[in-house]
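Coordinates in review
Below are the chains, spelled out letter by letter.
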Amino acid sequence: MQKILVARPIFPDVIERLKQYFDVDWNQGEVMPADELTRRLADKDGALTAGDPVGAAALAAAPRLRVVSNMAVGYNNFDMAAFNASNVLGTNTPDVLNESTADFGWALMMAAARRLAESEHWLRAGKWQKWAYDGFLGSDLYGSTLGVVGMGRIGQALARRAKGFNMQVIYHNRSRVALEIEAELNAEYVSKQDLLRRADHVVLVLPYTKENHHTIGAAELALMKPSATLTNIARGGIVDDAALVEALRSKRIAAAGLDVFEGEPKLNPDLLTVPNIVLTPHIASATEATRRAMANLAADNLIAALGEGPRAGRPPNPINPDVIGKARS
Ligand code: DGY
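Residues numbered from 1 in each chain as written. Predicted model: local features only at pLDDT ≥ 70, side-chain atom pairs only at ≥ 80, totals over all residues. Heavy atoms only, no water.

**Details of the domain arrangement of the chain**
Each domain of the chain was delimited in the assignment, giving domain 1 (3–96 + 288–323) and domain 2 (98–279). Each of domain 1 and domain 2 was reduced to a C-alpha centroid, and the two centroids are 32 Å apart. Taken together, the contact pairs eight residues of domain 1 with six residues of domain 2. Taken together, both faces of the contact between domain 1 and domain 2 bury some 550 Å²; the carbon and sulfur share is 37%. Interface area lost by domain 1 to domain 2 is led by Asn-76, Asp-95 and Thr-290, which between them contribute 70%. Here domain 1 is connected to domain 2 by one salt bridge. (Domains from an automatic or database assignment. Contact = heavy atoms within 4.5 Å. Buried area = accessible area lost by both parts, 1.4 Å probe. Salt bridge = Lys/Arg side-chain N within 4 Å of Asp/Glu carboxyl O.)

**A closer look at the site of the ligand**
Every residue close to the ligand is listed here: Ala-72, Val-73, Gly-74, Leu-97, Arg-235, His-282 and Met-294. Backbone polar atom of Val-73 to an oxygen atom of the ligand: 2.7 Å apart, as the coordinates give it. Here an oxygen atom of the ligand and a side-chain polar atom of Arg-235 are 2.7 Å apart. About the coverage of the ligand: the protein hides 83% of its 230 Å² of free accessible area. Its residues placed into classes, the shell around the ligand shows four nonpolar, two polar and one charged. (Near = heavy atom within 4 Å. Polar contact = N/O pair within 3.5 Å; in protein donor to acceptor, adjacent residues only side chain to side chain. Areas by Shrake-Rupley, 256 points an atom, 1.4 Å probe, with all protein chains shown as cover. Nonpolar A, V, L, I, M, F, W, Y, C, P; charged D, E, K, R; others polar.)

**Digging into unusual backbone geometry**
With omega at 10 degrees, the peptide bond leading from Glu-264 into Pro-265 counts as cis. Of note, Pro-265 is situated in the loop between β11 (255–258) and β12 (277–279). One non-glycine residue, Lys-251, lies in positive phi territory at about 60 degrees. Relative to the helices and strands, Lys-251 is located in the loop between α11 (241–249) and β11. (Helix = DSSP H or I, 4+ residues; strand = E, 2+ residues; numbered from the N terminus.)

**Some remarks on the packing of aromatic side chains**
Evaluation of the coordinates by the stated rule reveals five aromatic pairs. Considering the side-chain rings of Tyr-171 and Tyr-189, the 5.2 Å spacing of their centres and the 55 degrees angle between planes classify their relative orientation as tilted. Here Tyr-189 lies in strand β8 (residues 187–189) and Tyr-171 lies in strand β7 (residues 168–172), a separation of 18 residues in the sequence. With a relative accessible area of 29%, Tyr-189 lands in the partly exposed category. Seen from the ring of Phe-11, Arg-292 lies directly overhead, with NZ or CZ sitting 4.3 Å from the centre. (Phe/Tyr/Trp six-rings, centres within 6.5 Å; stacked < 30°, edge-to-face > 60°. Buried < 20%, exposed > 50% of the residue type's maximum accessible area, 1.4 Å probe, protein only. Lys NZ or Arg CZ within 6 Å of the ring centre and 35° of its normal.)

**A few points about the side chain of Asn-87**
Here Asn-87 is to be found in the loop between α4 (80–86) and β5 (89–91). We classify Asn-87 as buried; its relative accessible area is 15%. Engagement of the side chain of Asn-87 in a polar contact is seen with the backbone oxygen of Ala-327, the distance being 2.8 Å.

**Focus: the sheet that holds β7**
Read across the sheet, seven strands follow the order β8-β7-β6-β9-β10-β11-β12 without closing on themselves; strand pairing throughout is parallel. Edge positions in the sheet fall to β8 and β12, since each has one partner strand and no second. Strand-to-strand twist of the sheet, defined as the mean angle between neighbouring strand axes without regard to direction, takes the value 15 degrees. Relative to strand β9 (residues 201–204), strand β6 (residues 145–149) runs parallel, the two being bridged by four bridges. Paired with Val-149 across the strands is Leu-204, a residue of β9. In the packing of helix α7 (residues 153–160) onto the sheet, the strands contacted are β6, β7 and β9, and the crossing angle to β6 comes to about 170 degrees. (Pairing = 2+ DSSP bridges. Axes fitted to C-alpha atoms, helices over the stretch in contact; angles between N-to-C directions.)

**A few points about the pattern of salt bridges**
The tally for this structure, following the rule as stated, stands at 22 salt bridges. Between Glu-99 and Arg-161 there is a salt bridge whose closest N-O contact spans 2.8 Å. Highlighted residues: Glu-99 in helix α5 (residues 98–113) and Arg-161 in the loop between α7 and β7, separated in sequence by 62 residues. Note on Arg-161: relative accessible area 23%, which makes it partly exposed. The residue Glu-182 makes a salt bridge to Arg-176 at a minimum N-O spacing of 2.7 Å. For Glu-182, a relative accessible area of 8% corresponds to the buried category. Owing to a relative accessible area of 49%, Arg-176 belongs among the partly exposed residues under this scheme. One network of salt bridges, in which partners are shared, links Lys-3, Asp-25, Glu-36, Arg-40, Asp-43 and Lys-44.

**Brief notes about the sheet that holds β5**
Sheet strands pair via backbone hydrogen bonds, and the direction of the pair is either parallel or antiparallel. Taken together, the five strands give an open sheet; going across it, the order is β2-β1-β3-β4-β5, and neighbouring strands pair in parallel fashion. Strands at the two margins of the open sheet, each flanked by one partner only, are β2 (22–26) and β5. Neighbour-to-neighbour, the strand axes of this sheet turn through a mean angle of 20 degrees, independent of strand direction. Pairing analysis gives three bridges linking strand β4 (residues 67–70) to β5, with the strands arranged parallel. Residue Ser-69 lies in a different strand from β5, and its bridge partner there is Thr-91. Here helix α1 (residues 12–19) sits on the sheet in contact with β1 (2–6), β2 and β3 (46–49), set at roughly 145 degrees to β2. Running at roughly 165 degrees to β1, helix α2 (residues 34–41) makes contact with β1, β2 and β3 of the sheet.

Pasting the structure below:
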């Protein structure tokens with residue numbers, strides 16, 4: 001039987017599925033440090049990860065390893081150059097999380113715009129004495145301008161929801177999306193600078209790459225309206241969190257919603273000291289149904305990539321399909 005590592009706690013019934021095909025080494029404890037992950041990968045044919053960094057050293061130490069299946073759509077935890085050089089397949093879990101993640105983008109954006117967290121903390125602290133005409137004034141979403149940075153599948157799902165709020169949608173993306181999609185979403189393609197200047201609510205939904213590290217820093221925040229909000233459901237590192245703290249403190253922008261952070265799960269401690277921010281622990285895809293779908297899709301990818309199950313040899317979501325069928329190097 002081939003051996004696999006499941007690097008994180010996941011749904012036990014998915015582990016049972018994997019056990020039908022593989023000898024499973026399941027880490028049910030804390031996130032493994034890099035040296036433990038490398039050690040436990042060393043004799044494995046495949047692995048299922050969820051954001052765990054896998055790079056050249058781990059691949060070199062695991063000569064039998066043929067596939068690493070990430071339970072996430074984002075795979076910036078994989079060094080894809082090393083995967084390609086070693087002929088190791090990486091897989092991810094796109095699509096199944098689009099709608100839940102888009103819903104959550106809205107939840108954070110609305111919470112930031114309407115000061116939900118800030119007012120709730122204030123109420124819980126027993127500070128509510130009277131109704132006030134100027135208590136926690138926020139900004140409207142209805143009829144405002146939504147700026148989507150990253151118009152992939154999740155960005156499109158997010159933009160689609162803007163119709164019900166009668167919002168104007170502007171977007172920026174590496175490349176313009178098909179005209180039919182623009183027409184369906186009633187979305188206008190603009191430069192990043194134009195988007196930052198015009199949007200009332202900016203939402204980041206782009207994948208993390210070295211090139212878009214700190215896509216939003218002090219210079220970009222300076223372009224935004226003082227009444228605007230910024231929501232990040234993409235990846236930590238796309239926003240310069242220190243610059244954001246400064247912009248929120250100085251009211252350069254009105255509010256922010258962050259689900260992802262530089263260096264998470266550790267946070268820039270200054271983020272905890274600004275009131276006009278909503279902070280959540282990377283849960284945009286976290287509904288029961290979606291996390292189950294992600295776990296099962298990650299298992300499907302692993303099973304198929306290791307030549308088992310009904311899709312043997314044809315994993316649904318290869319990231320680097322060119323390595324399929326090539327000998328490990
Ligand atoms: C993803 O799928 O990339 C989400 O951020 C969960 O990690």
